[in-house]
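Observations on chain architecture
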Amino acid sequence: MDLPTLGPAHDALKAFVGDWTGTEDLAASPWAPASTARADCEYRLQLNGFVLVQQYRQRREDGTEFLGHNVFTADPRTGETLWYGFDSYGFPPETPARGGWDGATLVLDKQTARGVARHRLTPGGDTLTHEIDVKMGEDREFSPFLRARYTRENR
């Protein structure tokens with residue numbers, strides 16, 4: 001059996017490495033009302049470059065906090081980017097979010113029993129945008145959920 005090798009999907013993830021801070025605009029959800037938040041994201045390459053680990057901390061206007069621990073890697077069979085997310089809401093990842101690059105934007109779809117979340121992450125130098133659109137329950141169309149803009153503090 002051949003072991004996986006680092007490839008273009010792994011190399012592309014290097015654009016996220018660093019410490020980021022910024023603001024987020026969030027739509028109302030079943031878990032929280034609409035709000036704005038401050039967030040910090042730390043991205044680090046791990047395991048000889050096979051995974052990118054993100055630590056995430058969001059602080060909302062009302063003082064509540066949302067935490068995430070996320071692991072990005074590449075599927076050695078398909079080359080797709082995979083994202084395994086764990087968070088302080090407690091929902092374990094049933095399956096990873098999957099996707100790939102559309103130009104300079106990493107597009108990942110996460111499907112759960114609650115619905116579908118489409119993440120669009122665009123690193124550009126020292127700026128990172130993250131947009132999330134969701135289809136909840138029986139919704140047929142995606143609706144905006146999060147619009148965020150972060151600035152890199154260091155690499």
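Thresholds applied
Residues numbered from 1 in each chain as written. Predicted model: local features only at pLDDT ≥ 70, side-chain atom pairs only at ≥ 80, totals over all residues. Heavy atoms only, no water. Helix = DSSP H or I, 4+ residues; strand = E, 2+ residues; numbered from the N terminus. Contact = heavy atoms within 4.5 Å. Core = buried A, V, L, I, M, F, W, Y, C linked by side-chain atoms within 4.5 Å. Buried < 20%, exposed > 50% of the residue type's maximum accessible area, 1.4 Å probe, protein only. 1 Å grid on protein atoms, 1.4 Å probe; cavity = no way out; pocket = protein on both sides within 12 Å on 5 of 7 lines; lining within 4 Å. Points joined across faces, edges and corners; volume = space filled by probe spheres on them. Nonpolar A, V, L, I, M, F, W, Y, C, P; charged D, E, K, R; others polar. Phe/Tyr/Trp six-rings, centres within 6.5 Å; stacked < 30°, edge-to-face > 60°. Lys NZ or Arg CZ within 6 Å of the ring centre and 35° of its normal.

As a further point, take the overall build of the chain. Scanning the chain for helices and strands turns up 1 helix and 10 strands. N-terminal to C-terminal, the α/β element order of the chain is α-β-β-β-β-β-β-β-β-β-β. Considered along the principal axes of its C-alpha atoms, the chain spans approximately 50 × 40 × 30 Å. Contacts in the chain between residues far apart in sequence, at least 24 positions, make up 34% of those at least 6 positions apart.

Okay, the nonpolar core next. Core analysis: the biggest nonpolar cluster contains 25 residues, and Phe16, Tyr43, Phe72, Leu108, Leu121 and Tyr150 have the highest contact counts within it. Only strand E1 (18-26), strand E2 (35-46), strand E3 (51-60), strand E4 (65-74), strand E7 (105-112), strand E8 (115-124), strand E9 (127-136) and strand E10 (143-154) provide two or more residues apiece to this core. Each residue touching leucine 121, except ones within four places of it in the same chain, is listed here: Phe16, Tyr43, Trp83, Ala104, Thr105, Leu106, Leu108, Thr129 and His130.

The subject of this paragraph is the layout of surface pockets. Volume-wise, the largest pocket comes out at about 820 Å³. Lining the largest pocket are 41 residues, with Phe66, Asp87, His119, Ile132 and Phe145 positioned closest to its centre. Taken together, the residues that form the lining of the largest pocket break down as 25 nonpolar, 11 polar and 5 charged. For the second largest pocket, the calculated volume is near 160 Å³. What lines the second largest pocket is Pro4, Thr5, Gly7, Pro8, Ala9, His10, Phe50, Thr73, Ala74, Asp75, Pro76 and Gly79. Secondary-structure elements contributing two or more residues to the lining of the second largest pocket are helix H1 (8-13) and E4.

Before going further, it helps to examine the packing of aromatic side chains. The way to describe two aromatic rings as a pair is by their centre distance and the angle between their planes. Per the counting criterion, the structure on display carries 6 aromatic pairs. With a centroid separation of 6.3 Å and an interplanar angle of 45 degrees, the aromatic rings of tyrosine 43 and phenylalanine 72 are classed as tilted. Placement of tyrosine 43 in strand E2 and of phenylalanine 72 in strand E4 is noted, with a sequence separation of 29 residues between them. Judged by its relative accessible area of 2%, tyrosine 43 is buried. Pairing phenylalanine 66 with tyrosine 89 gives two aromatic rings, centres 4.6 Å apart and planes at 45 degrees, and the pair type is tilted. Here the residue phenylalanine 66 occupies a position in strand E4, and tyrosine 89 occupies one in the loop between strand E5 (81-87) and strand E6 (97-102), the gap between them amounting to 23 residues. With a relative accessible area of 38%, tyrosine 89 lands in the partly exposed category. Pairwise contacts between aromatic rings join Phe16, Tyr43, Phe72, Trp83 and Trp101 into one cluster. Positioned over the ring face of phenylalanine 91 is arginine 114, at 3.7 Å from the centre of the ring.

Functional significance is not addressed by these values, which are geometric in nature.
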